[in-house]
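# Descriptive analysis of the structure
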Amino acid sequence: MTVLCYHTVESGWESPLAVRPEAFEQQAEWLARRRRVVDLPEAKRRFDGRGQLPPGWALLTFDDGFDGVYHHAFPVLRRLGLPATVYVVTRTLHDRETPVDWVREDVVPRDLRCLDRDQILEMRAAGIRFGSHTVTHRDLPELTFAEQLQELRQSREALEDLLGERIDTVAYPRGHHDRVTREAARSAGYFVAFSLPERREPVGPLAVPRTGIYRVNTLRGLRVKTQPGYLRLRLAGTSPQSRRRVAGLLRLRR
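Residues numbered from 1 in each chain as written. Predicted model: local features only at pLDDT ≥ 70, side-chain atom pairs only at ≥ 80, totals over all residues. Heavy atoms only, no water.

For the rest of this paragraph, the subject is the pairing of strand β5 (residues 57-64). Within β5, eight of the eight residues are buried, which leaves it mostly tucked inside the rest of the structure. Sheet analysis places strand β1 (residues 2-6) next to β5, joined by five bridges and oriented parallel. Bridge pairing in β5 links Tyr6 to Phe62. Here strand β4 (residues 36-37) runs beside β5; their pairing, made up of two bridges, is parallel. Bridge assignment links Val37 to a residue of β5, and that residue is Ala58. Where the polypeptide runs from β5 across helix α3 (residues 68-80) and back to strand β6 (residues 85-88), its parallel neighbour, the crossover connection is right-handed. (Buried < 20%, exposed > 50% of the residue type's maximum accessible area, 1.4 Å probe, protein only. Helix = DSSP H or I, 4+ residues; strand = E, 2+ residues; numbered from the N terminus. Pairing = 2+ DSSP bridges. Right-handed = clockwise from strand over helix to strand, strands pointing away.)

Here we take up helix α6 (residues 179-187). Those residues of α6 that sit buried are Thr181, Arg182, Ala184 and Ala185. Around the axis of α6, the buried residues are gathered within 160° of arc, so they sit on the same side. Exposed and oriented more than 90 degrees from the buried face of α6 are Arg179 and Arg186. Looking at the buried side of α6, the elements it contacts are α5 (145-163). (Arc of directions from axis to C-beta. Contact = heavy atoms within 4.5 Å.)

With that settled, the discussion passes to the packing of aromatic side chains. Think of a pair of aromatic rings as described by two things: how far the centres are apart, and how the planes are tilted against each other in angle. This structure, assessed with the given rule, holds eight aromatic pairs. When the centroid spacing of 5.3 Å and the interplanar angle of 85° are considered together, the rings of Tyr6 and Phe24 count as edge-to-face. Within this pair, whereas Tyr6 is found in strand β1, its partner Phe24 is found in helix α1 (residues 21-34), the two being separated by 18 residues in sequence. The exposure class assigned to Tyr6 is buried, which follows from its relative accessible area of 0%. Judged by relative accessible area, which is 1%, Phe24 ranks as buried. With a centroid separation of 5.4 Å and 25° between ring planes, the pair formed by Tyr6 and Phe62 is classed as stacked. Taken as a pair, Tyr6 in strand β1 and Phe62 in strand β5 lie far apart in primary sequence, 56 residues in all. Assigned by exposure class, Tyr6 and Phe62 land together as buried. Every member of this aromatic cluster is reached through a ring pair, and the members are Tyr6, Phe24 and Phe62. (Phe/Tyr/Trp six-rings, centres within 6.5 Å; stacked < 30°, edge-to-face > 60°.)

Given below as structure tokens:
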């Protein structure tokens, strides 16, 4: 099972979140050859009770809705016929100049922008899916249940108004969630919610784990991260057995 989480594709932003265009193209071409990259509706039908897909399948997701996805990832996805889902911070839909104030980095490009409504509609017409990344990208577990519910419900409604279709998946900002967050997501009308775990955490339809792909990841790194069991082993801790099994994955050549 592999659900991959990208953020943006940019050449000029030296951020872990920004995969270089040439690296993304190489990775996408490898995925097209080596994995069954599935669309979101098919993935939702095939998720098991723990939010896992069949071996050899992959689902591509992008968090934050940066416009680098439109300029650099979208042409590659369209050329290769690869489906993907973009998770949008919906307050940026009303004003493209809305500051990107949720990125925790010292240096953020002045021209860092998110997708505008026309770009989203163009991408959707070409088969790209969209989901919620909340209204403001606040860390949900820090909010009350009512505040979380408002963030989740209003973002879903904004996307449904724009796209004219049901939106029932969300990617939690920074992947953070707790029991209250999962209940808020359920109450807000979501059937699938994606996390981005850094340690062991509950897994299920409202906490589907993803593997992050970052600027430092080479094609070899992508191959490792799409191997069966990679995420489970990475989150298992630092026992000698876990280290040996991860080292075995790192020796892969295919």
